[in-house]
Amino acid sequence: MVNSALLLASEGFLDWLQNVDRAALLAVNGSDSLFLDSVVHVLTTAITWLPLYLSLFYLVVKNHNSLQRIGLIVGCAGLCILFAGAVDDLIVKPTVARWRPTHDPVIGTLVDVVNGYRGGKYGFFSAHACNTFSIAIFFCWLVRSWALSFTLIIWSLTNCWTRLYLGVHFPGDILVGLTWGFIVGTSVYFLYRRLTRHWRAEGRRYITTEYTAGGFERPTCEIPVAVFYFTVIFALLKATYQ
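What you are looking at is a predicted structure, and each value in this text was computed from that prediction instead of being measured.

Student: Which parts of the structure should I look at to understand the packing of aromatic side chains?
Tutor: Where two aromatic rings form a pair, the distance of their centres and the angle of their planes describe that pair. Evaluation of the coordinates by the stated rule reveals 13 aromatic pairs. Seen from their ring centres, F138 and F139 are 5.5 Å apart, and the 85° between their planes marks the pair as edge-to-face. A residue is classified by how much of its surface remains accessible, and F139, at 5% relative accessible area, is buried. Look at W141 and Y189: their rings are 5.7 Å apart centre to centre, the planes differ by 15°, and that puts the pair in the stacked class. Residue W141 is located in helix α5 (residues 127–143), and its partner Y189 is located in helix α7 (residues 171–195); the two are separated by 48 residues in the primary sequence.

And the structure:
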């Protein structure tokens, strides 16, 4: 009797939570602006952020003179993607099988769809959120630059916002994706620390204003920051002249 009551209570709570998620999504999904539709379409496309990825790679190469160290950092970034996005797409989404808002039988017809884009059937949790946030958190720990950290977090949140705008994820999908991305990014960083403890013993930590606490030259940290803002400007200009 008690178990049945608890089961009914938990089911009721989950239904309430899902209804809250649906209402929150409809409150922020889409707009009447074709300009904003175009901006979001550009910003949510993976290839748009290729210059940012390349600038992060340049940041790593510029600040390390060993192929072993460069390869390890690139490998760790790859682990972030593997344990964030691949686990999500290959295991969690098909297992949980929660409909995307655009395919949801309850609110699917109410979702504002942009350019006919509806995404795959299942959306829990957001691969955009966990992928970008895991990379952002890993580089926040690695570089220790306030400007770069702030920019990378804004970049990740921008990607999250585009998914809500397009109606392909519920806010709950985004929050869980961000949480998993944080766990993955932090775990991979501490794995990197463990693997490089003998390198840190060499004293590659600078106490001058020319370097971050992570030992990266501050001017090189400004490059990904500039690339991010130029990319946003590019998206705005492209939407203007489409």
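Student: What should I look at first to understand unusual backbone geometry in this one?
Tutor: Leaving glycine aside, a negative phi is the common case for residues, and trans is the common case for peptide bonds. Of note, the bond from F124 into F125 is cis; its omega dihedral lies within 30 degrees of zero at 0°. Of note in this structure, N115 is not a glycine but carries a positive phi near 55°. Locating N115 in the fold gives a position in the loop between α4 (67–96) and α5. Even without being a glycine, R144 presents a positive backbone phi close to 65°. With respect to the helices and strands, R144 occurs in the loop between α5 and α6 (146–165). Since its relative accessible area comes to 34%, R144 is described here as partly exposed.

Student: Looking at this model, I keep getting lost on the environment of A97. Mind explaining?
Tutor: By the secondary structure assignment, A97 is in the loop between α4 and α5. Distance in space between the C-alpha atoms of A97 and K121 is 8.1 Å, their sequence separation being 24 residues.

Student: How should I be thinking about the environment of L54 in this particular structure?
Tutor: The topology assignment puts L54 in helix α3 (residues 50–62). With relative accessibility at 52%, the residue L54 sits in the exposed group.

Student: Sorry, what's going on with the packing of α6 against α7 here?
Tutor: Between α6 and α7, whose axes approach to 10 Å, the crossing angle comes to 155°. Classified by the interaxial angle, the pair formed by α6 and α7 is roughly antiparallel. As for how α6 packs across α7, the hand of that crossing is right-handed. Note on element contacts: α7 touches α6 through P171, I174 and L178, opposite S156, L157, C160, R163 and L164. Considering only residue class, the contact of α6 with α7 consists of 6 nonpolar, 1 polar and 1 charged.

Student: I keep staring at the nonpolar core and nothing clicks. Help me out?
Tutor: F138, F139, L142 and V143 are the most contacted members of the largest nonpolar core, which totals 37 residues. Among the elements of the structure, α2 (34–43), α3, α4, α5, α6, α7 and α9 (218–240) are those that each provide at least two residues to this core. If near-sequence neighbours (up to four positions away) are discounted, V143 is found in contact with L59, L148, T212, A213, G214, F216 and C221. Residues L25, A129, F133 and C160 belong to the second largest nonpolar core, which totals 11 residues.

Student: So what exactly am I meant to see when it comes to the pattern of salt bridges here?
Tutor: When their charged atoms lie close together, side chains carrying opposite charge are able to pair. Within the structure shown, the criterion is met by 5 salt bridges. Residue R22 is joined to D104 by a salt bridge in which the shortest nitrogen-to-oxygen separation is 3.2 Å. In this pair, R22 sits in helix α1 (residues 2–28) while D104 sits in the loop between α4 and α5, placing the two residues 82 residues apart along the sequence. The exposure class assigned to R22 is buried, which follows from its relative accessible area of 12%. Among the ionic contacts, a cluster of salt bridges with common partners joins D21, R98 and D173.

Criteria and thresholds
Residues numbered from 1 in each chain as written. Predicted model: local features only at pLDDT ≥ 70, side-chain atom pairs only at ≥ 80, totals over all residues. Heavy atoms only, no water. Phe/Tyr/Trp six-rings, centres within 6.5 Å; stacked < 30°, edge-to-face > 60°. Buried < 20%, exposed > 50% of the residue type's maximum accessible area, 1.4 Å probe, protein only. Helix = DSSP H or I, 4+ residues; strand = E, 2+ residues; numbered from the N terminus. Axes fitted to C-alpha atoms, helices over the stretch in contact; angles between N-to-C directions. Parallel < 35°, antiparallel > 145°, perpendicular 65-115°, else oblique. Left-handed = near helix turned anticlockwise from the far one by under 90°. Contact = heavy atoms within 4.5 Å. Nonpolar A, V, L, I, M, F, W, Y, C, P; charged D, E, K, R; others polar. Core = buried A, V, L, I, M, F, W, Y, C linked by side-chain atoms within 4.5 Å. Salt bridge = Lys/Arg side-chain N within 4 Å of Asp/Glu carboxyl O.

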